[in-house]
Amino acid sequence: MKLFAIFGDPVAHSRSPLMHNYVFSRLRFDACYTRIHLTDGSKLKETFFALGLSGANVTVPHKEAAFLACDEVRGFAKEIGVVNTLINENGKLIGYNTDADGFMFAIEEFNNLKKILILGAGGTAKALFRRFLQEGLAVEVLNRSKGNLAYFKEFATPCHTWESFTPSSYDLVVNTTSAGLKDDHLPAPREIIESVLANTRYAADAIYGKVTPFLALACEKNIPAKDGADMLLGQGVLANDYFTQHRFDQERIKEAMAQSFLF
Ligand SMILES: NC(=O)c1ccc[n+]([C@@H]2O[C@H](COP(=O)([O-])OP(=O)(O)OC[C@H]3O[C@@H](n4cnc5c(N)ncnc54)[C@H](OP(=O)(O)O)[C@@H]3O)[C@@H](O)[C@H]2O)c1
């Protein structure tokens, strides 16, 4: 039997074990998926191999540590320096990123997007940012602190901290911060979020499984909004396709994984 896991801190909230185990069982793939609470990202690689894992997902806050831990990084993950899916390929750690494509799947229903504001500047923000640029979209980034903005500035993208921000108008505002994940914080001071929501057509949150204060405020203002569940499904399908070594049709994986959301 192959063993898979998700690494994160926090990780108890993660639905990934339920999603992947359900797919493994439906597709009769002999594997089991668990969760590992990892506080020190530098221990990712040794923990992965010590547990004899065949593959893993990586969540907050270790996706950049996962990139550094890999022997080889492939595809889009190489461009952005952020890894959320790990595969044990003959004793080598191979990294991929499935978050950005998962998010594009999630926002298919939001039409005519031209300008997007990203709240946050961590691993998820970077992945979505590069994917939005690939799609030819205009992007602005707003983050709590300056340090993480350096990456975005290299692309001549308007970047702001809370202190330097004046909102313009957006088609979509997406919360990629972890504010609201295990607390009741908005991703920026209330007056900023209020002004941003007054100037957007759509809102999305990467967080799933709860109505974050950001999402609640968007709904209160009747802005079409969605949480991170479809993004979770999209990235999960692509990760499972790597775990099962492309043995199954992606549509079959998606159908099975979507059913796991009913529990
Ligand atoms: N639905 C899905 O499938 C999916 C996929 C990926 C990620 N996610 C979610 O996306 C979120 C971010 O993940 P990540 O891996 O990108 O995390 P990360 O790399 O650790 O980045 C976290 C970001 O959140 C900001 N932040 C943290 N606490 C904040 C607060 N109280 N107020 C304002 N900003 C705050 C940080 O700002 P500083 O730079 O100032 O520290 C940073 O920009 C997590 O909640 C994760 O669960 C969901």
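This structure is a prediction, so every number in the text was calculated from the model and none was measured.

Novice: So what's going on with the site of the ligand? Which residues, and what values?
Specialist: Taken together, 28 residues surround the ligand, and among them Thr124, Asn143, Ser145, Asn148 and Ala206 come closest. Here an oxygen atom of the ligand and a side-chain polar atom of Arg144 are 2.9 Å apart. Asn148 places a polar side-chain atom, nitrogen or oxygen, 2.8 Å from an oxygen atom of the ligand. In isolation the ligand has 940 Å² of accessible area, and contact with the protein removes 88% of it. With three residues, helix H10 (residues 229-243) is the largest single contributor of residues to the shell around the ligand. Residue composition of the shell around the ligand, grouped by class: 12 nonpolar, 13 polar and three charged. Looking at which domains feed residues into the shell around the ligand, each of domain 1 (2-98 + 230-260) and domain 2 (111-223) gives three or more.

Novice: Could you give me a rundown of the packing of aromatic side chains, with the residues and numbers involved?
Specialist: Scanning the model with the defined rule gives 15 aromatic pairs in all. On the basis of an interplanar angle of 85 degrees and a centroid distance of 6.3 Å, the ring pair of Phe29 and Phe248 is categorised as edge-to-face. Remark: Phe248 occurs in the loop between H10 and helix H11 (250-260) and Phe29 occurs in the loop between helix H1 (16-26) and strand S2 (31-37); sequence separation between them is 219 residues. For the pair formed by Phe29 and Phe248, the shared burial category is buried.

Novice: Any chance you could break down unusual backbone geometry for me, citing the residues and the numbers?
Specialist: Omega for the peptide link from Asp9 to Pro10 comes to 10 degrees, which places this bond in the cis form. Inspection of the secondary structure assignment puts Pro10 in the loop between strand S1 (2-8) and H1. Across the junction of Val60 and Pro61, the peptide omega takes the value 0 degrees, indicating a cis bond. Summarising the element assignment, Pro61 is placed in the loop between strand S3 (55-58) and helix H3 (63-69). Look at Gln245: it is not a glycine, yet its phi comes out positive at around 55 degrees.

Novice: Now, about the packing of H10 against H11: what can you tell me, with residues and values included?
Specialist: Relative orientation of the contacting elements H10 and H11 amounts to 130 degrees, with a least axis distance of 9 Å. Classified by the interaxial angle, the pair formed by H10 and H11 is oblique. For the crossing formed where H10 meets H11, the hand is right-handed. Taken together, the residues of H11 that come into contact with H10 (itself represented by Leu233, Gly236, Val237, Leu238, Asn240 and Asp241) are Gln250, Ile253, Lys254, Met257 and Ala258. Looking at side-chain class alone, the contact of H10 with H11 contains six nonpolar, three polar and two charged residues.

Novice: An account of the pairing of S3 is requested, with residue identities and associated values reported.
Specialist: Side-chain alternation along S3 places Gly55 and Asn57 on one buried face and Ala56 and Val58 on a second face that is also buried. Sheet analysis places S1 next to S3, joined by four bridges and oriented parallel. Residue pairing for S3: Phe7 is matched across the bridge by Val58. Of the strand pairs in this sheet, S3 and strand S5 (residues 85-89) are connected by three bridges, and their pairing is antiparallel. Directly across from Asn57, in S5, lies its bridge partner Thr85.

What counts as what
Residues numbered from 1 in each chain as written. Predicted model: local features only at pLDDT ≥ 70, side-chain atom pairs only at ≥ 80, totals over all residues. Heavy atoms only, no water. Near = heavy atom within 4 Å. Polar contact = N/O pair within 3.5 Å; in protein donor to acceptor, adjacent residues only side chain to side chain. Areas by Shrake-Rupley, 256 points an atom, 1.4 Å probe, with all protein chains shown as cover. Helix = DSSP H or I, 4+ residues; strand = E, 2+ residues; numbered from the N terminus. Nonpolar A, V, L, I, M, F, W, Y, C, P; charged D, E, K, R; others polar. Domains from an automatic or database assignment. Phe/Tyr/Trp six-rings, centres within 6.5 Å; stacked < 30°, edge-to-face > 60°. Buried < 20%, exposed > 50% of the residue type's maximum accessible area, 1.4 Å probe, protein only. Axes fitted to C-alpha atoms, helices over the stretch in contact; angles between N-to-C directions. Parallel < 35°, antiparallel > 145°, perpendicular 65-115°, else oblique. Left-handed = near helix turned anticlockwise from the far one by under 90°. Contact = heavy atoms within 4.5 Å. Pairing = 2+ DSSP bridges.

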